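# Structure assessment
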Amino acid sequence: MSEENKYILEVNDLHTSFFTDAGEVCAVNGISFNLEPGKTLGIVGESGSGKSVTAYSIMQILASTGRITSGQVNYKGEDITKWNKKQMQSFRGSKCSIIFQDPMTSLNPVYTVGNQLVEAIRLHTNKTKKEAKEHAIEMLRLVGVNEPESRVKQYPHELSGGMRQRVMIAMGLICHPQLLIADEPTTALDVTIQAQILDLMKNLQKKTGMGIIFITHNLGVVADICDKVSVMYAGKIVEQGPVDDIFYKPAHPYTKGLLRSMPRVDAESYERLIPIEGTPVDMLNPPEGCPFAPRCEHCMKICLKKMPPYVEVGEKHRSACWLRVQELMNKEGK
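I will try to describe carefully the structure that is included in this document. (Residues numbered from 1 in each chain as written. Predicted model: local features only at pLDDT ≥ 70, side-chain atom pairs only at ≥ 80, totals over all residues. Heavy atoms only, no water.)

Tallying secondary structure elements over the protein chain gives 13 helices and twelve strands in all. Computed over the C-alpha atoms, the radius of gyration of the protein chain is 21 Å, within 12% of the 20 Å expected from 2.2 N^0.38 for a compact globule of 334 residues. Expressed as a percentage of the 334 residues in the protein chain, the buried residues total 47%. Contacts in the protein chain between residues far apart in sequence, at least 24 positions, make up 63% of those at least 6 positions apart. Positive and negative side-chain charges of the protein chain, numbering 39 and 38 respectively, have mean locations separated by a distance of 3 Å. (Helix = DSSP H or I, 4+ residues; strand = E, 2+ residues; numbered from the N terminus. Rg over C-alpha atoms; globule rule 2.2 N^0.38 Å. Buried < 20%, exposed > 50% of the residue type's maximum accessible area, 1.4 Å probe, protein only. Contact = heavy atoms within 4.5 Å. Lys, Arg positive; Asp, Glu negative; His and termini not counted. Charge placed at Lys NZ, Arg CZ, Asp CG, Glu CD.)

Now the structure itself:
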């Protein structure tokens, strides 16, 4: 694979806005990342940070008010933001698949589960109806659905929330895509099924070499499945790096806050979780400087006026924080 095409996906300075009656909401504000085949990128951050909008921008399935205003999304070196509808329809499902956060609104209530799975298979492969049904049953079995032969005849409302989530995961994996976007895929599942699903995703990744973008609030899942992590806040990536660096050498105050607010197995029983004080940014009127500045305990004057540049804090580990800029200047001054 050539150097310029070594990434299955490259996102460069992506901006996505929603145009509402109240004004423009810059939900994704100049983010960049890349993903190699066979690797998993975790995107973490609190609700409203722009994680799901990033996924929908890649798939180009934004709401009618949403639009990519600038930037590139390169799939194997090709900018897919310039593709037409037909090219994108071919891309979705066969080359890139998404597991949605809410299975009840993502499955069609008037068709059986089997019907929906078979349709996805037949749309992107040359399988016959009989082969597609057998493949659908096998996939349901793999994601932990009991009695899959009878489940394919059922409608979404006849299944529990966890079952519906497993059907969505089966639908995302059924055509063995080269790129999988998983948007909170294990939220509705208990921990044992969650572990099974993560193992299944890792095994499929080993077999097919697919790249995975894993969007989650669960930092435990990130530690288990991801190779590198992007931490998002208010539409921006504030820190990016290998998973071990993010957990053991966090550089941004927001990342440190997320880790402090997570329960730990080795914590003393009397230790309290430390929440991040303050409220998320109003995306209609974002601050001039660092979006995290109003909630940051280390906030300086410059933080409120100017967005910090990215600073390398380790190998392939960078952070956008004026504290890191200050440290770098002090080192160079010595």
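Additional details are given in the paragraphs that follow.
Moving on, we come to the packing of aromatic side chains. Inspection of the entire model under this criterion finds six aromatic pairs. For the pair Tyr56 and Phe100, a centre-to-centre distance of 6.1 Å together with 50° between the ring planes defines the contact as tilted. Residue Tyr56 is found in helix α1 (residues 51-59), and its partner Phe100 is found in the loop between β6 (96-99) and α3 (103-106); the two are separated by 44 residues along the sequence. On the basis of relative accessibility, which here comes to 23%, the residue Tyr56 falls in the partly exposed class. Residue Phe100 is classed as partly exposed on the basis of its relative accessible area, which comes to 24%. Ring centres 5.3 Å apart and planes at 85° place the aromatic pair Tyr233 and Phe292 in the edge-to-face group. Linking Tyr233 in strand β9 (residues 228-233) with Phe292 in the loop between α11 (253-260) and α12 (301-305), this pair joins segments that are 59 residues apart in sequence. The pair formed by Tyr233 and Phe292 is uniform in burial state, with each residue classed as buried. By way of ring pairs, the aromatic residues Tyr75, Trp83 and Phe91 are connected into one cluster. (Phe/Tyr/Trp six-rings, centres within 6.5 Å; stacked < 30°, edge-to-face > 60°.)

Looking now at the sheet that holds strand β1 (residues 9-20). Taken in spatial order, the four strands make up an open sheet running β2-β1-β4-β5, and their pairing is antiparallel. Among the strands making up the open sheet, the edge pair consists of β2 (23-35) and β5 (78-79). As paired elements, strand β4 (residues 66-75) and β5 share two bridges and run antiparallel to each other. Among the inter-strand pairings, Tyr75 is bridged to a residue of β5, identified as Glu78. (Pairing = 2+ DSSP bridges.)

Attention now goes to the pairing of strand β10 (residues 236-242). When you tally the buried positions in β10, you get six out of seven residues, the bulk of the element. Taken together, the six bridges between β9 and β10 define a ladder with antiparallel strand orientation. The residue of β10 that forms the bridge with Val231 is Glu239. Following β9, the chain reverses through two residues before pairing antiparallel with β10; Ala234 in that reversal takes a positive phi of roughly 50°. Looking at chain direction, β10 and strand β12 (residues 317-320) are connected through two bridges and run antiparallel. Bridge pairing in β12 links Glu239 to Ser319.

Now for the side chain of His317. Relative to the elements of secondary structure, His317 occurs in strand β12. Sequence-distant contacts of His317, defined by excluding residues within four places in its chain, comprise Glu239, Gln240, Gly241, Pro242, Asp245, Ile246, Lys249, Ala251, Val311 and Glu312.

Our next topic: helix α5 (residues 129-142). In this model α5 runs 20 Å from its N-terminal to its C-terminal C-alpha over 14 residues, within 8% of the 20 Å that 1.5 Å per residue would give. Restricting attention to buried positions, one finds in α5 the residues Ala132, His135, Ala136, Ile137, Met139 and Leu140. Where α5 is buried, its residues meet α4 (113-124), α6 (148-151), α7 (161-173) and α8 (191-208). The first or second residue beyond α5 is Gly144, which carries a positive phi of 90°. (Expected span 1.5 Å × (residues − 1).)

So, on to the layout of surface pockets. Roughly 650 Å³ of internal volume is contained in the largest pocket. Along the wall of the largest pocket there are 22 residues; nearest its centre are Gly93, Phe100, Ala120, His124 and Met171. Elements represented by at least two residues in the lining of the largest pocket include exactly α2 (85-94), β6, α4 and α7. Of the residues belonging to the lining of the largest pocket, the class tally is eleven nonpolar, nine polar and two charged. (1 Å grid on protein atoms, 1.4 Å probe; cavity = no way out; pocket = protein on both sides within 12 Å on 5 of 7 lines; lining within 4 Å. Points joined across faces, edges and corners; volume = space filled by probe spheres on them. Nonpolar A, V, L, I, M, F, W, Y, C, P; charged D, E, K, R; others polar.)

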